[in-house]
Amino acid sequence: MSLVWREPLALALLLVPVGMAASWWLTGRVRRHALASSLLDHPNERSSHTVPTPRGGGLGVVFPFVALVCALGALGSIPVQMVLAISGGGLLVALVGFLDDRRPLAARWRFGAHCLASLMSLWLMGGIPPVPLFGFDVNLGWTGLALAAVYLVWMVNLYNFMDGVDAIAGVEAVTVALGGALCWWLATGDPRWPLCFAFAACAAGFLVWNTPPARIFMGDAGSGFMGFVLGVLSLWTAQNATQVFWCWFILLGCFVVDATTTLVRRVRRGEKFHQAHRSHAYQYAARRIGSHGKVSLAVGAINLGWLLPLAVLVATKRLDGAAATALAYLPLVWLAFGLRAGDRAGQSQAPGR
């Protein structure tokens, strides 16, 4: 029997239906509770939806995935340190997001909790490996740890910023996690890749409820948790093959480029970076074509058709990670500027807005 649990494919075939079913069921229960309790996201001038919609559905991803992580730890498929890094840090991020969903918290409290979760997880992982840069492995020491903490905090907030139209967060999570699993396996042959499948499965279970028109929103609890988990996975899976980090960073390109471009342009205009808005490129695209679903499908298509092939080339050492990232991001930056990311005035004046 132990041989079955050690076989990654058999484990993945078990985790996927279990994760999807658990997430789908729990998200439905959360939706019923939200409707009964009037926990609704009401449209306003910064929203991309037009009708009151239940929120908090991200809990349907959080608890099933944490349960699967703990089960994998109990089976010996992943180390205890990784179980604690994902569960401890992830649950803290989810808790702060859940509280903020119910009653907005001050930005300093959210930021402090995100920093604590990131530092705790980095300590449990034993830091980060040297960073491969143009053929050299660069050991950044304490600077690398500081940058890794900033990266994790940014991933939490980035995912929150990008969860603004139906299905986009779920599509990103599924495609990036599956692509990351493939790159991890190609680079190392590590048998622990089903962990990424478990995350994708839980995201897919929620996605059933979030496809346009969404019947429930993820909320900060779910979006922050997803961003944190993807950040932790990108750092942990690179422990034995440092180029794998670049693979994840490439796969996350749509979210990284849109969120970062929008943030930089808004700050340069003197706007508060933490204030809600709808000037991301993907939000403008959804308004312009009148469809959330087409934008989310486009993100999935870019991930699979453009970013994944480049990530695979990096995983197999056919391309340098830093160079491939620059190549991958170049058209995404062009697209972000073309869709006036962060330029609220330009978006409002554009035809077909």
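Anything mentioned here points back to the structure above.
Predicted, not measured: the structure shown is a model, and the values here were computed from it. (Residues numbered from 1 in each chain as written. Predicted model: local features only at pLDDT ≥ 70, side-chain atom pairs only at ≥ 80, totals over all residues. Heavy atoms only, no water.)

K.L.:
Kindly report on the packing of aromatic side chains, identifying the contributing residues and their values.
P.N.:
Enumeration according to the criterion identifies 13 aromatic pairs in this entry. Ring centres of Tyr159 and Phe255 lie 5.0 Å apart, and the angle between their planes is 55°; this geometry places the pair in the tilted category. Pair noted here: Tyr159 is in helix H6 (residues 141-162) and Phe255 is in helix H11 (residues 253-268), with a separation of 96 residues, a long-range link. The class for Tyr159 is buried, based on a relative accessible area of 0%. Under the relative-accessibility criterion, Phe255 is labelled buried at 0%. Through a chain of ring-to-ring contacts, three or more aromatic side chains come together here, namely Tyr151, Phe245, Trp246, Phe249 and Tyr329. (Phe/Tyr/Trp six-rings, centres within 6.5 Å; stacked < 30°, edge-to-face > 60°. Helix = DSSP H or I, 4+ residues; strand = E, 2+ residues; numbered from the N terminus. Buried < 20%, exposed > 50% of the residue type's maximum accessible area, 1.4 Å probe, protein only.)

K.L.:
Could you give an account of the environment of Val153, with specific residues and numbers?
P.N.:
Among the structural elements, Val153 can be located in helix H6. Spatially, the C-alpha atoms of Val153 and His114 are 5.7 Å apart, while their sequence positions differ by 39 residues. Not counting residues up to four positions away in its chain, the partners in contact with Val153 are Phe111, His114, Cys115 and Ser118. (Contact = heavy atoms within 4.5 Å.)

K.L.:
Which residues make up the state of the cysteines, and what are the values?
P.N.:
Scanning the entire structure with this criterion turns up 0 disulfides. Cys70 carries a free sulfur, and the closest cysteine sulfur to it, the one in Cys202, is 12 Å from it. The partly exposed category is assigned to Cys70, whose relative accessible area is 38%. Note on Cys247: no disulfide assigned, nearest cysteine sulfur contributed by Cys183 at a separation of 4.1 Å. (Disulfide = S-S within 2.5 Å.)

K.L.:
Describe the packing of helix H7 (residues 168-188) against helix H13 (residues 292-315), and please don't skip the residues or the numbers.
P.N.:
Two elements in contact, H7 and H13, have axes separated by 10 Å at closest approach and are oriented at 15°. As far as their axial angle goes, H13 and H7 are roughly parallel. Where H7 crosses over H13, the handedness of that crossing is right-handed. Where H7 abuts H13, its residues Ile168, Val171, Glu172, Thr175, Val176, Gly179, Leu182, Cys183, Leu186 and Ala187 lie against Ser296, Val299, Gly300, Asn303, Leu304, Leu308, Ala311, Val312 and Ala315. Of the residues in the contact of H7 with H13, the class split is 13 nonpolar, 5 polar and 1 charged. (Axes fitted to C-alpha atoms, helices over the stretch in contact; angles between N-to-C directions. Parallel < 35°, antiparallel > 145°, perpendicular 65-115°, else oblique. Left-handed = near helix turned anticlockwise from the far one by under 90°. Nonpolar A, V, L, I, M, F, W, Y, C, P; charged D, E, K, R; others polar.)

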